[in-house]
Amino acid sequence: MNILNFASANKTNLNKMKDRILVTGGTGYIGSHTVVELQNAGYEVVIVDDLSNSSADVVDNIEKITGIRPAFEQQDCRDYNALDDIFKRYTGIKAIIHFAASKAVGESVQKPLLYYRNNVLSLLNLLDLMQVHKVGGFVFSSSCTVYGQPDKLPVAEDAPFKKAESPYG
């Protein structure tokens, strides 16, 4: 189920209660567009972003588009204790949408440990804290680079995995 379908499918529950969704990397391009759609669908959004590839001005722009200012926490998802504090302050998070990964294939070849630390550690921290704080849903944003060089385009979700050609993949 894609993110927009997730928001639409759960819209009927919003009349009862405003569900809170945590969006990591929410000031990035895809993350910010997702935040707009979630807010337009009635969700309360908490953005966690370290601003390494974006700007805090994006939060202002989200507010201009939706009329709602999302909660924003400038934080690195590799910092377990800081993330735990965010979950404690924003109780009742129902789901996480995780976009906070380093994404440049070329840079991943030059700096593989940076990519492994950020992309794997942030994911592990979120999965662990999800259990601790009883968060029920998780959407992991990935890339079709996990399919290596695909046999055909567009790449379908049931395409066979091939050897990744970079630390990013």
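Structure: above.
Notes on the structure follow. Keep in mind that this is a model prediction, so the values were computed, not measured.

Thresholds applied
Residues numbered from 1 in each chain as written. Predicted model: local features only at pLDDT ≥ 70, side-chain atom pairs only at ≥ 80, totals over all residues. Heavy atoms only, no water. Salt bridge = Lys/Arg side-chain N within 4 Å of Asp/Glu carboxyl O. Helix = DSSP H or I, 4+ residues; strand = E, 2+ residues; numbered from the N terminus. Buried < 20%, exposed > 50% of the residue type's maximum accessible area, 1.4 Å probe, protein only. Core = buried A, V, L, I, M, F, W, Y, C linked by side-chain atoms within 4.5 Å. Contact = heavy atoms within 4.5 Å. Expected span 1.5 Å × (residues − 1). Axes fitted to C-alpha atoms, helices over the stretch in contact; angles between N-to-C directions. Left-handed = near helix turned anticlockwise from the far one by under 90°. Nonpolar A, V, L, I, M, F, W, Y, C, P; charged D, E, K, R; others polar.

Applying the stated criterion across every chain, the model contains 8 salt bridges. Ionic pairing is found between R89 and E73, a salt bridge with its closest N-O pair at 3.0 Å. Taken as a pair, R89 in helix α4 (residues 80-89) and E73 in strand β3 (residues 71-74) lie far apart in primary sequence, 16 residues in all. The class for R89 is partly exposed, based on a relative accessible area of 44%. For D84, the salt bridge goes to K88, with nearest N and O atoms at 3.1 Å. Remark: K88 and D84 occur in helix α4; sequence separation between them is 4 residues, near one turn of the helix. The class of D84 is buried, set by a relative accessible area of 14%. In this structure K88 comes out as exposed when scored by relative accessible area, which is 53%. Within this structure, D60, E63 and R69 form a network of salt bridges that share partners.

Cis geometry is adopted by the peptide bond preceding P154, which originates at L153 and carries an omega value of -5 degrees. Examined against the element boundaries, P154 turns out to sit in the segment after β5 (137-140). For L51, which is not a glycine, the phi torsion comes out positive at approximately 65 degrees. Along the polypeptide, L51 turns up in the loop between β2 (44-49) and α3 (57-66). Using a relative accessible area of 18% as the deciding quantity, one classes L51 as buried. Positive phi values are uncommon outside glycine, yet K134 reaches one of about 55 degrees. Mapped onto the elements of the fold, K134 is located in the loop between α6 (112-132) and β5.

Okay, the nonpolar core next. Judged by nonpolar contacts, the single largest core of 15 residues is most densely connected at L22, L83, F87 and I96. Every element with two or more residues in this core is listed here: β2, α4, β4 (93-98) and α6. Once you skip the residues sitting within four places of it in the chain, I96 turns out to touch L22, F87, L126, M130, V135, G137, F138 and V139. Counting residues in hydrophobic clusters, the runner-up holds 14 residues, among them V35, V58, I62 and I97.

To continue, consider helix α2 (residues 29-40). Here α2 spans 17 Å end to end across 12 residues, near enough to the 16 Å set by a 1.5 Å rise per residue. What α2 keeps buried is the set G31, S32, T34, V35, V36, L38 and Q39. Positive phi shows up at G42, right after α2, with a value of about 100 degrees.

On to the packing of α2 against α3. Two elements in contact, α2 and α3, have axes whose closest approach is 10 Å; the angle formed by their N-to-C orientations is 35 degrees. Crossing of α2 over α3 shows right-handed handedness. On α3, the residues that touch S32, V35, V36, Q39 and N40 of α2 are V58, I62, I65 and T66. Of the residues belonging to the contact of α2 with α3, the class tally is 5 nonpolar, 4 polar and no charged.

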